Amino acid sequence: MQLAVTTWNINSVRLRFPIVRDLIEQERPDVLCLQETKTPDDKFPAAEFRALGYLYQAIIGNKGYNGVAILSRLPFSDAQAMPMCGKPDARHMSVTLAGEARKAAGITIHNFYVPAGGDEPDPSVNDKFAHKLAFLAEMDAWARAFQPTGQQAILVGDLNIAPYETDVWSHKQLLDVVSHTPIETQTLERLRADHGWVDAIRQLMPEPERVYTWWSYRAADWEAADKGRRLDHVWLSPSLAGALHSADIHKHARGWERPSDHAPITVRLAL
DNA sequence: ATGGTTGTCATACAA
């Protein structure tokens, strides 16, 4: 069987439900992971997703900020939201696909939304950057306990860090810009590699190809300027890396009407 | 060096 997982920072799921539906119709993912839903749970468009076949839903949101969701056509168990950094922020959700999901059964999917970190890359003067570094430290401690090497697992999300030189439009000009500073890129790379995670996008689009998943709203013409960054990621546990079939960044969705500033990504596994 | 845009909620703040 094939398992298709899509991840997308949607920047308000209520405002952008129409384009989420368009993407679902194009890609038909089995599992859709959203970040920045910006919607309290009682206002989440659950019935609308059920009508599209996503009967299994794990959602957690805050009013106006943050929020993550896992929407699935395949049944899952063990939906868990990890509280991160002792804050009420809804920045993580995980599920484990259940027995009825056949060959996908037992695969755990973790959906993270790492704090953006504010403007000043100095934790002593910028609480938001300190929060981002603390969040990464908690992710590292979690991964140490979780041990991806012994699991069938997929980690997706908006990690708000572009780790490699070719993950940004200008490595030199972004070295002191939050999302590409050495402390962030080195911490993320250690977090990935030390625990055995495989970067699915870079498996199929290796450096030095430039790969972006985010383009600022502030550019007059985002596509012409093309000042992108690869902030969104899909990581596989080693046991799933051999099943990787494709990874697509749906850049065209960045050009849709009223777009998110992030493009969605779909990874397909042949199980 | 500066400002550029968007969404939510209430006209400030986070991204």
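Analysis parameters
For every chain, the first residue of the written sequence is number 1, and numbering continues from 1 along that sequence. For this description, chains carry letters from A and ligands carry numbers from 1, given in the order in which they are written. For a predicted model such as this one, the threshold for reporting local features is a pLDDT of at least 70, and the threshold for listing and counting side-chain atom pairs is 80 or more; totals across whole chains, interfaces and linings nevertheless cover every residue. Excluded from the side-chain calculations are hydrogens and water; all other atoms, namely the structure's heavy atoms, are used. Starting at the N terminus, helices and strands are each numbered in turn, a helix being any DSSP run of H or I of at least four residues and a strand any DSSP run of E of at least two. Among the buried residues, those of types Ala, Val, Leu, Ile, Met, Phe, Trp, Tyr and Cys that are joined through side-chain atoms within 4.5 Å form a nonpolar core. The classification of residues rests on relative accessible area computed with a 1.4 Å probe and restricted to protein chains. Under 20% of the type maximum is buried, over 50% is exposed, and intermediate values are partly exposed. Throughout, a residue-residue contact means that at least one pair of heavy atoms, one from each residue, lies within 4.5 Å. Put simply, two rings from Phe, Tyr or Trp (the six-membered ring, in Trp's case) pair if the centres are within 6.5 Å, and we call them stacked under 30 degrees between planes, edge-to-face over 60, tilted for the rest. Definition used: whenever NZ (Lys) or CZ (Arg) falls within 6 Å of the ring centre and also within 35 degrees of the ring normal, the charge is taken to sit over that ring. When DSSP locates at least two bridges between a pair of strands, those strands are taken to pair. For helices, the axis comes from a line fit to the C-alpha atoms of the stretch in contact; other axes are also lines fit to C-alpha atoms, and the angle between any two N-to-C directions lies between 0 and 180 degrees. By this rule, a helix spans an expected 1.5 Å times one less than how many residues it contains. Whenever a nitrogen or oxygen atom comes within 3.5 Å of another N or O atom, the pair is scored as a polar contact, on the condition that within protein one atom can donate a hydrogen and the other can accept it, and that pairs from neighbouring residues in sequence are kept only if both atoms are in side chains. Whether a residue is near a molecule or strand depends on its heavy atoms: if one lies within 4 Å, it is near. In this description, one arc is meant: the one made by directions from the helix axis to the C-beta atoms.

Peer 1: Describe unusual backbone geometry, listing the residues and the values that go with them.
Peer 2: A cis geometry characterises the amide bond from Glu207 onward to Pro208, with omega recorded as 10°. Counting through the fold element by element, Pro208 comes out in the loop between α6 (200–204) and β10 (214–215). The phi angle at Ser12 is positive, at roughly 90°, despite the residue not being glycine. Looking at the secondary structure, you find Ser12 in the loop between β1 (2–9) and α1 (17–27). Phi is positive for Glu36, which is not a glycine, with a value near 55°.

Peer 1: Mind laying out the nonpolar core, listing which residues take part and the relevant values?
Peer 2: Membership of the largest hydrophobic core comes to 38 residues, with the highest contact counts inside it found for Leu3, Leu97, Ile109, Ile154, Leu236 and Leu269. With sequence-adjacent residues up to four places away left out, Ile154 is seen in contact with Leu3, Val5, Ile107, Thr108, Ile109, His110, Trp197, Val234, Trp235, Leu236, Leu240 and Leu269. Among the nonpolar cores identified, the runner-up in size contains 19 residues, and Val13, Val20, Leu34 and Leu71 belong to it.

Peer 1: Residue-level account of the packing of aromatic side chains, with values.
Peer 2: A full pass over the atoms with the stated rule returns 11 aromatic pairs. Taken together, a centroid distance of 6.3 Å and an interplanar angle of 10° make the contact between Phe146 and Trp197 stacked. In this pair, Phe146 sits in helix α3 (residues 127–146) while Trp197 sits in the loop between α5 (182–193) and β9 (198–199), placing the two residues 51 residues apart along the sequence. Here Phe146 falls in the buried class, since its relative accessible area comes to 15%. Of the aromatic side chains, those joined through ring pairs into one cluster are Phe112, Phe135, Trp142, Phe146, Trp197 and Trp235. For the cation-ring pair, Lys227 lies above Trp169, with the distance from its terminal atom to the ring centre recorded as 4.6 Å.

Peer 1: How would you explain the sheet that holds strand β3 (residues 56–60) if you had to name every residue and give the values?
Peer 2: Strand order in the open sheet formed by 6 strands is β3-β4-β2-β1-β14-β13, with mixed pairing between adjacent strands. Two strands lie at the open edges of the sheet, namely β3 and β13 (244–249), each paired on one side alone. Across this sheet, the average inter-strand angle for adjacent strands is 10°, counted without regard to direction. Of the strands in this sheet, β1, β2 (31–35) and β14 (265–270) are in contact with α1, which crosses β1 at around 160°.

Peer 1: An account of the sheet that holds β9 is requested, with residue identities and associated values reported.
Peer 2: Sheet architecture is open: 6 strands sit in the order β5-β6-β7-β8-β12-β9, paired in mixed fashion. The strands lining the two open edges of the sheet, one partner per strand, are β5 (76–80) and β9. Sheet topology places strand β6 (residues 92–97) next to strand β7 (residues 108–113); 5 bridges connect them, and they run antiparallel. Following the sheet pairing, Thr96 is matched in β7 by Thr108.

Peer 1: Break down the pairing of β14 for me, with residues and values.
Peer 2: β14 sits mainly inside the fold: 5 of its 6 residues count as buried. Across 6 bridges, the pairing between β1 and β14 is antiparallel. Residue Thr7 lies in a different strand from β14, and its bridge partner there is Ile265. For β13 and β14, the ladder comprises 5 bridges, and the chain directions are antiparallel. For Ile249, the partnering residue across the bridge sits in β14 and is Ile265.

Peer 1: Any chance you could break down α3 for me, citing the residues and the numbers?
Peer 2: With 20 residues, α3 extends 28 Å between its outermost C-alpha atoms, agreeing within 8% with the 28 Å of an ideal straight helix rising 1.5 Å per residue. Against β7, β8 (153–158) and α5 lie the buried residues of α3. The N-cap of α3, judged by a side-chain oxygen 2.9 Å from the amide nitrogen of Lys128 a few residues on, is Asn126. Following α3 by one or two positions, Gln147 has its phi on the positive side, about 55°.

Peer 1: Tell me about the protein's contact with DNA strand B, and name the residues and values.
Peer 2: Near DNA strand B you find 16 residues, and of these Ser12, Lys128, Tyr217, Arg218 and Arg258 are the closest. Within the side chain of Lys128, a nitrogen or oxygen atom sits 3.0 Å from a phosphate oxygen of DNA strand B.

Peer 1: Provide a residue-level description of the side chain of His131, including the pertinent values.
Peer 2: Checked against the element boundaries, His131 lands in helix α3. For His131, a relative accessible area of 13% puts it in the buried group. Setting aside its immediate chain neighbours within four residues, His131 contacts Cys85, Lys87, Asp89, Arg91 and Pro115.

Peer 1: Describe α1, with residues and values.
Peer 2: Looking at α1, one finds that the buried residues are Phe17, Ile19, Val20, Leu23, Ile24 and Glu27. Within α1, the buried residues cover an arc of 160° as seen down the axis, which keeps them to one side. As for α1, its buried residues are in contact with β1, β2, α2 (46–51) and β14. Directly after α1, the chain includes Arg28, whose backbone phi takes a positive value near 45°.

So yeah, pure geometry; function would need other evidence.
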